[in-house]
Amino acid sequence: MQNKNYIPKRGQVIVFKNPNFNASTGKDEYIVKRVIAFAGERVTVKNGTVTVYNTENPDGFNPDTSVNKNEPGQPTSGDVDTTVPEGTIFVMGDHRQGSYSCDSRNCMGPIPLYDIVGPVSLRIFPFSENSLVLIQINLFFE
C-alpha cells in the first residue's frame, strides 16, 4: 500500500517506513506503531497521560482509555505538546515508559501518510506478561 492513499483509524496498529532507516546501522526498515492523532490535532503527554484535542473534543480526550480500550495500560513517559502537521499522523508504541519506544513523541516525529504501508492484520504475543514480544506477523493485501 505504500505511496497510495491509506488513512488509518485512530487506535489502529500500522506498519510504516522507518524515518530513521539506514541500512548500515541495522535499524528496521519498517516499524509497527499505534495511531494516536491526525493532522491539525494537538497532542499532549503530561503526568503519564496522553490527551488529544480536536474540533470534536475541544477539552481533549485520552485515546488510550477510549479508542484503544485501555491499551497499553501503563503511564506514558515524556512531556509533549505538539500539533500534528498536515499530511502526517502521530504514532506511539505500546511500550511507553522510559525510552523503550522510539515514536512521534521522542525520536521520529510525525509520520507522512505516504510512508504508511498498511494495518497490522495479526499479532502474536507470548502468554507470560513478563515476556517481551517474541513474534509479530504482518499480513498485507493490496
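Novice: Where do I start with the overall build of the chain in this structure?
Specialist: The secondary structure content of the chain amounts to zero helices and ten strands. Each helix and strand of the chain, ordered N terminal to C terminal, gives the series β-β-β-β-β-β-β-β-β-β. Counting only contacts in the chain whose residues sit at least 6 apart along the sequence, the fraction spanning at least 24 positions is 56%. With the model as given, the accessible surface of the chain reaches about 8400 Å², and the carbon-plus-sulfur share is 51%.

Novice: Can you walk me through the pattern of salt bridges in this structure?
Specialist: Two side chains with opposite charge may pair up if their charged atoms get near one another. Evaluation of the coordinates by the stated rule reveals six salt bridges. A salt bridge links lysine 17 to glutamate 29, with the shortest nitrogen-to-oxygen separation between them at 3.0 Å. With lysine 17 in strand β1 (residues 13-17) and glutamate 29 in the loop between β1 and β2 (30-38), this residue pair connects regions lying twelve residues apart in the sequence. What makes glutamate 29 partly exposed here is its relative accessible area of 32%. Here aspartate 64 and arginine 96 are joined by a salt bridge, their closest N and O atoms 2.6 Å apart. One end of the pair, aspartate 64, is in the loop between β4 (49-53) and β5 (80-83); the other, arginine 96, is in the loop between β6 (88-92) and β7 (111-112), and 32 residues separate them in sequence. The exposure class assigned to aspartate 64 is buried, which follows from its relative accessible area of 7%. With a relative accessible area of 0%, arginine 96 lands in the buried category.

Novice: Mind showing me how you'd approach the sheet that holds β4 here?
Specialist: Taken in spatial order, the three strands of this open sheet run β4-β3-β5, and their pairing is antiparallel. Edge strands, defined here as strands with exactly one partner in the open sheet, are β4 and β5. Going across the sheet, the axis of each strand differs from the next one's by a mean of 10°, ignoring polarity. Bridging between strand β3 (residues 42-46) and β5 involves four bridges; their strand directions are antiparallel. Residue arginine 42 lies in a different strand from β5, and its bridge partner there is threonine 83.

Novice: So what exactly am I meant to see when it comes to the side chain of arginine 105 here?
Specialist: The topology assignment puts arginine 105 in the loop between β6 and β7. Within the local environment of arginine 105, its side chain forms a polar contact with the backbone oxygen of serine 77, the two atoms lying 2.7 Å apart. With residues near it in sequence (within four places) discarded, arginine 105 still touches Val45, Thr76, Ser77, Val80, Phe90, Met92 and Arg96.

Novice: Even after reading the chapter, I still don't get the packing of aromatic side chains, so can you show me in this structure?
Specialist: Given two aromatic rings, their pairing is described by the distance between the two centres and the angle made by the two planes. In total, this model carries zero aromatic pairs according to the counting rule given. Lying across the ring of tyrosine 30, lysine 17 places its NZ or CZ 5.6 Å from the centre. Just above the ring of tyrosine 53 sits the side chain of arginine 42; from NZ or CZ to the centre is 4.8 Å.

Cut-offs applied
Residues take numbers from 1 onward in each chain, read along the sequence in its written order. Confidence filtering applies because this is a predicted model: local features only for residues at pLDDT of at least 70, side-chain atom pairs given and counted only at 80 or more, and all residues used for totals across whole chains, interfaces and linings. Heavy atoms throughout the structure, all of them, feed into the side-chain values; hydrogens and water do not. Runs of H or I in DSSP of at least four residues are treated as helices and runs of E of at least two as strands, each being numbered from the N terminus. Note on contacts: a residue pair qualifies if any of its non-hydrogen atoms lie within 4.5 Å across the two residues. Accessible surface area values rest on a Shrake-Rupley calculation with a 1.4 Å probe, where residue burial reflects the displayed protein chains alone. Counted as salt bridges are all cases of a side-chain nitrogen of Lys or Arg within 4 Å of a carboxyl oxygen of Asp or Glu. Each residue is assigned to one of three classes by its accessible area relative to the maximum for its type, calculated with a 1.4 Å probe on protein chains only: buried under 20%, partly exposed between the two thresholds, exposed over 50%. Two strands pair if DSSP finds at least two bridges between them. Geometry is summarised by axes, namely lines fitted to C-alpha atoms with helices restricted to the contacting stretch, and by angles between N-to-C directions that run from 0 to 180 degrees. Think of a polar contact as two N or O atoms within 3.5 Å of one another; within protein, one of them needs to be a possible hydrogen donor and the other a possible acceptor, and neighboring residues in sequence only count if both atoms come from side chains. Any two of the Phe, Tyr and Trp rings considered here, Trp counted by its six-membered ring, make a pair once their centres fall within 6.5 Å; the pair's planes then place it as stacked at under 30 degrees, edge-to-face at over 60, or tilted in between. Lysine and arginine charges are scored as sitting over a ring when NZ or CZ, respectively, is within 6 Å of the ring centre and within 35 degrees of the ring normal.

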